[in-house]
Amino acid sequence: MKFIDFPLLVTERLILRKLEESDWESISYLRSDKIVNQFVKRANADTNKKALDFIKNTNLKITKDLLIYWSISFRNDQKMIGSICLWNFSKDNKTAEIGYDLGPKFQNKGIMNEAMIKVLDFGFQILSLDKIEAFTHKKNENSKSLLIKNNFRLNQKRLDQDNLENMIFEINRPAANIMYNK
Ligand SMILES: CC(C)(COP(=O)(O)OP(=O)(O)OC[C@H]1O[C@@H](n2cnc3c(N)ncnc32)[C@H](O)[C@@H]1OP(=O)(O)O)[C@@H](O)C(=O)NCCC(=O)NCCS
């Protein structure tokens, strides 16, 4: 995986863009809010410094091709409302994990579905991934429904040894004639 420029993605309502330092308040909120993090185990970012460190480290990892992290905004408003990322690439860069979050007031509007369709298409068409995985808490119904809607399948044979409450969903590269970016 090697990018010349950050891969800006645009959908009908959204812009998936690079994370900026000015997103620190949104990062802090998304990574600290109790509702957003109800089913997600991760370090919080409840201070300005922690949020800025997260932004710096994330953008550094992007330059090292270790992950791609998109800040989600509406097309007509720069404010970050959520994020979606591809990370945890396998050594051969053929498998990656997808992660996502959205502020509660923007949920249930089909926003993450719109972002995910674009990112799956990017992962398969541009990065030539063979498989994308998602680890999600068994009680995270919104996340599970989003994954199933996007043709992920639960792999019941795999366990997340780091969190046994997680379920592992997978999607393989679709046949060439199936396009995601409808
Ligand atoms: C998981 C999460 C990202 C889902 O985001 P979302 O944008 O609400 O999810 P969707 O895009 O699937 O939209 C959900 C609903 O919006 C509704 N909706 C409203 N307007 C819509 C539109 N224009 N287009 C499509 N759906 C629309 C639909 O009813 C849809 O539900 P359905 O597909 O079951 O009918 C969100 O709940 C979240 O951020 N949770 C906290 C963080 C988290 O748990 N992340 C996952 C870690 S593994």
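Residues numbered from 1 in each chain as written. Predicted model: local features only at pLDDT ≥ 70, side-chain atom pairs only at ≥ 80, totals over all residues.

Enquirer: Any chance you could explain the site of the ligand here in plain terms?
Expert: Taken together, the neighbourhood of the ligand is formed by 20 residues, with Q107, G110, M112, N113 and N142 sitting nearest. With five residues, the single largest contributor to the shell around the ligand is helix α4 (residues 141-149). Of the residues contributing to the shell around the ligand, the split by class is eight nonpolar, nine polar and three charged. (Near = placed C-beta within 6 Å. Helix = DSSP H or I, 4+ residues; strand = E, 2+ residues; numbered from the N terminus. Nonpolar A, V, L, I, M, F, W, Y, C, P; charged D, E, K, R; others polar.)

Enquirer: I would appreciate a short explanation of α4 in the present structure.
Expert: Along an α-helix, residues three or four apart share an orientation, since each turn contains 3.6 residues. The complete set of buried residues in α4 reads S143, L146 and L147. On an axial view of α4, the arc spanned by its buried residues comes to 95°, and they lie on one face. Opposite its buried face, α4 presents the exposed residues E141, S145 and I148, each directed more than 90 degrees away. At its buried positions, α4 is contacted by α3 (111-126), β6 (131-137) and β8 (166-172). Within two residues after α4, N151 carries a phi angle of roughly 70°, on the positive side. (Buried ≥ 20, exposed ≤ 12 C-beta atoms within 10 Å, placed from the backbone. Arc of directions from axis to C-beta. Contact = placed C-beta atoms within 7 Å.)

Enquirer: Explain the sheet that holds β8 to me, please; I cannot follow it from the model alone.
Expert: Through backbone hydrogen bonds, the strands of a sheet pair up, either in parallel or in antiparallel fashion. Pairing is mixed across the open sheet formed by eight strands, whose spatial order is β1-β2-β3-β4-β5-β6-β8-β7. In this open sheet, the two strands that pair with only one neighbour each are β1 (9-10) and β7 (153-154). (Pairing = 2+ DSSP bridges.)

Enquirer: So what exactly am I meant to see when it comes to the pairing of strand β4 (residues 77-87) here?
Expert: Side-chain direction in a regular strand flips from residue to residue, so the side chains alternate between the two faces of the sheet. Two strands pair when backbone bridges link them, and strand β3 (residues 68-74) and β4 are joined in this way by six bridges, in the antiparallel orientation. The residue of β4 that forms the bridge with I68 is L86. In sequence, β3 turns back onto β4 through a hairpin of two residues. Bridge analysis of β4 against strand β5 (residues 95-102) gives six bridges, and the strand direction is antiparallel. From the neighbouring strand, L86 faces β5, where its bridge partner is I98.

Enquirer: Teacher, can you tell me more about the environment of L120 here?
Expert: Along the chain, the position of L120 falls in helix α3. For L120 and I171, which are 51 residues apart along the polypeptide, the C-alpha to C-alpha distance reads 9.3 Å.

Enquirer: What is the right way to read unusual backbone geometry from this model?
Expert: Leaving glycine out, the prevailing phi sign among residues is negative, and the prevailing peptide bond configuration is trans. At D65, a residue that is not glycine, the phi angle is positive and equals roughly 60°. Note that D65 resides in the loop between α2 (48-63) and β3. Here D65 falls in the exposed class, since 12 other C-beta atoms lie within 10 Å of it. The phi dihedral of S128 falls on the positive side, at around 60°, and the residue is not glycine. With respect to the helices, strands and loops of the structure, S128 is situated in the loop between α3 and β6.

Enquirer: Would you mind going over the environment of V36 with me for this structure?
Expert: Mapping V36 onto the fold places it in the loop between α1 (24-30) and α2. The sequence separation of V36 and L102 amounts to 66 residues, and the corresponding C-alpha distance is 7.1 Å. Excluding its chain neighbours within four sequence positions, the residues that come into contact with V36 are L30, D101, G103 and P104.

Enquirer: Where do I start with the pairing of β3 in this structure?
Expert: Across the seven residues of β3, five count as buried, placing the element largely inside the fold. In this sheet, β3 lies alongside strand β2 (residues 14-17) in antiparallel orientation, the contact comprising four bridges. Across the sheet, residue R17 finds its bridge partner in β3, namely S71.

Enquirer: Whenever I open this one, the environment of A51 confuses me. Can you help?
Expert: Along the chain, the position of A51 falls in helix α2. A tally of 23 C-beta atoms within 10 Å means that A51 is categorised as buried. Once residues lying within four places of it in the same chain are set aside, the contact partners of A51 are W24, I27, S28 and A45.

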